[in-house]
Protein chains: 2
Amino acid sequence: MARWEPNPRERLERAALALFVEHGYEATTVAGIADRAGLTKSTFFRHFADKREVLFGGQDALADGFGEAIRTAPPGTASVDLLAAALLAAAPFFGPERHDLGRQRRTVIAANSELQERELLKRARLAAVIADALRERGTPETAARLAAEVGVLAFGTAYARWAEPDNRQPYPQIAHAVLAELRACAADLGAQAPAPA
Amino acid sequence: MARWEPNPRERLERAALALFVEHGYEATTVAGIADRAGLTKSTFFRHFADKREVLFGGQDALADGFGEAIRTAPPGTASVDLLAAALLAAAPFFGPERHDLGRQRRTVIAANSELQERELLKRARLAAVIADALRERGTPETAARLAAEVGVLAFGTAYARWAEPDNRQPYPQIAHAVLAELRACAADLGAQAPAPA
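No experiment lies behind these values; they were computed from the predicted model shown.

A. Region of interest: the UniProt feature "DNA-binding region" (unreviewed entry) in chain A. The feature "DNA-binding region" (unreviewed entry), as annotated in UniProt, sits at residues 29-48 of chain A in this numbering. Regarding residues 29-48 of chain A, the helix share stands at 75% and the strand share at 0%, and the terminal C-alpha atoms are separated by 13 Å.

This is how it looks when you write it as structure tokens:
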């Protein structure tokens, strides 16, 4: 079936996502995943702590990449460009060869409230990582928090659009467009004169 | 001790928070809370589903209030004023007589990672309620999502500042100042010309 032989981690990931979609997340076992991948349970546990980590293990690497991109950007880079750099650091996770995995992952999470909660918590962690990295660059507290929320919102929106079944646009292009859109919304919101207290 | 006799719900809330702070959230039982309040366990369960709801039961009423304030604002109200209306709808929860409860609640949540996760999830629900109410008014998708995040960030920041041990400023004044600050940050972020793709 496969045109190439992916590495064990990716074979396990593909097997797990296929089973999650076919039989549901709850009903899928680690033994079943290993079996489908033609590997052993102990190989599974060399790559993942449990079946949930198949869905969320990448999030920590993603957060590290976001933080690193912001920290290593040239001095004086504007916040919006720091966010762009962070979003682009995620591009290797969202190549065209992973589009079907992204789509399946979203389907699985949408069907399970515990997984949705986990996703929300991972997003909150991502916001904390971005805000920390911005603070380290001297961004004032409130600006860092706002930019972090904008960054996470941009990432979530870009990821969702990229993973749409009929999407063929590359992730970096989507991320750039979403960030520009959010920047425009921020400008609109910021331009509104609030009514006096 | 008390200068007035609060209603049973508030007596239970005060007893629970005092015990959570003194003995820790995990070590506190519903029986202990009822006992401290001079009430029965069955009275407790008439007001709260479990001890966690003492900390989070108000969040749903808060979310309802936010949604209601946005839905019932006059047509043509700017998003930033809708957010201000939502934040002010929370004012009855944050009167000066509840300052010590707010402070204790934050102490308890800060000491327990499961409670921190619950707080993050409640905040995500609050964002969803705000975004839904804005969409109902015809706010476009991305603008609604951004404004919702700004609203939740404003609320979280205002609540934290209000609950600071030495704070004496009333919540509405704090909320107004925080929202103005975030609006200025949004304007800054929105004004940054992103580098070309």
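B. Quick peek at the packing of aromatic side chains. Residues and elements named next belong to chain A. Counted according to the given criterion, the structure contains 22 aromatic pairs over all chains. Members of the aromatic cluster, connected to one another through ring pairs, are Phe66, Phe93, Phe94, Phe155, Tyr159, Trp162 and Tyr171. In this structure, Lys51 is placed above the aromatic ring of Tyr25, and the distance from its NZ or CZ to the ring centre is 4.4 Å.

C. Quick peek at the UniProt feature "domain: HTH tetR-type" (unreviewed entry) in chain A. The sites that UniProt annotates as "domain: HTH tetR-type" (unreviewed entry) are residues 6-66 of chain A. Between the first and last C-alpha atoms of residues 6-66 of chain A the distance is 26 Å; the span itself is 77% helix and 0% strand.

D. Expanded view of the interface of chain B and chain A. In this complex, chain B contributes 34 residues to the contact, which on the side of chain A involves 35 residues. When the area that chain B buries against chain A is broken down by residue, the three leading residues are B:Thr142, B:Leu146 and B:Leu189, summing to 20%. Applying the counting rule to chain B against chain A returns two salt bridges. The salt bridge partner of B:Glu117 is A:Arg118, with a shortest N-O separation of 3.6 Å. Element by element, the count of residues in the side of chain B that touches chain A is highest for helix H9 (residues 171-191) of chain B, at ten residues. Of the residues contributing to the side of chain B that touches chain A, the split by class is 21 nonpolar, five polar and eight charged.

E. Examining the pattern of salt bridges more closely. Residues and elements named next belong to chain A. A complete count under the given rule lists 30 salt bridges over all chains for this structure. Linking Arg135 and Asp132 is a salt bridge whose minimum nitrogen-to-oxygen distance equals 2.6 Å. Remark: Asp132 and Arg135 occur in helix H7 (residues 113-136); sequence separation between them is three residues, near one turn of the helix. With a relative accessible area of 38%, Asp132 lands in the partly exposed category. Here Arg145 and Glu141 are joined by a salt bridge, their closest N and O atoms 2.6 Å apart.

F. Seen up close, the nonpolar core. Formed by 84 residues in total, the largest nonpolar core has its most connected members in A:Phe66, A:Phe155, A:Tyr171, B:Phe66, B:Phe155 and B:Tyr171. In contact with A:Tyr171, not counting residues within four places along its chain, are A:Leu87, A:Ala90, A:Ala91, A:Phe94, A:Phe155, A:Ala158 and A:Trp162.

G. Examining the environment of A:Gly38 more closely. All names here are of chain A. For Gly38, the position within the fold is in the loop between helix H2 (30-37) and helix H3 (41-47). Using a relative accessible area of 56% as the deciding quantity, one classes Gly38 as exposed. Measuring from C-alpha to C-alpha, the distance between Gly38 and Leu12 comes to 8.7 Å, with 26 residues separating the pair along the chain.

The rules behind the values
Residues numbered from 1 in each chain as written. Chains lettered and ligands numbered in written order. Predicted model: local features only at pLDDT ≥ 70, side-chain atom pairs only at ≥ 80, totals over all residues. Heavy atoms only, no water. UniProt positions renumbered as here; feature names shortened; annotations may be inferred. Helix = DSSP H or I, 4+ residues; strand = E, 2+ residues; numbered from the N terminus. Phe/Tyr/Trp six-rings, centres within 6.5 Å; stacked < 30°, edge-to-face > 60°. Lys NZ or Arg CZ within 6 Å of the ring centre and 35° of its normal. Contact = heavy atoms within 4.5 Å. Buried area = accessible area lost by both parts, 1.4 Å probe. Salt bridge = Lys/Arg side-chain N within 4 Å of Asp/Glu carboxyl O. Nonpolar A, V, L, I, M, F, W, Y, C, P; charged D, E, K, R; others polar. Buried < 20%, exposed > 50% of the residue type's maximum accessible area, 1.4 Å probe, protein only. Core = buried A, V, L, I, M, F, W, Y, C linked by side-chain atoms within 4.5 Å.

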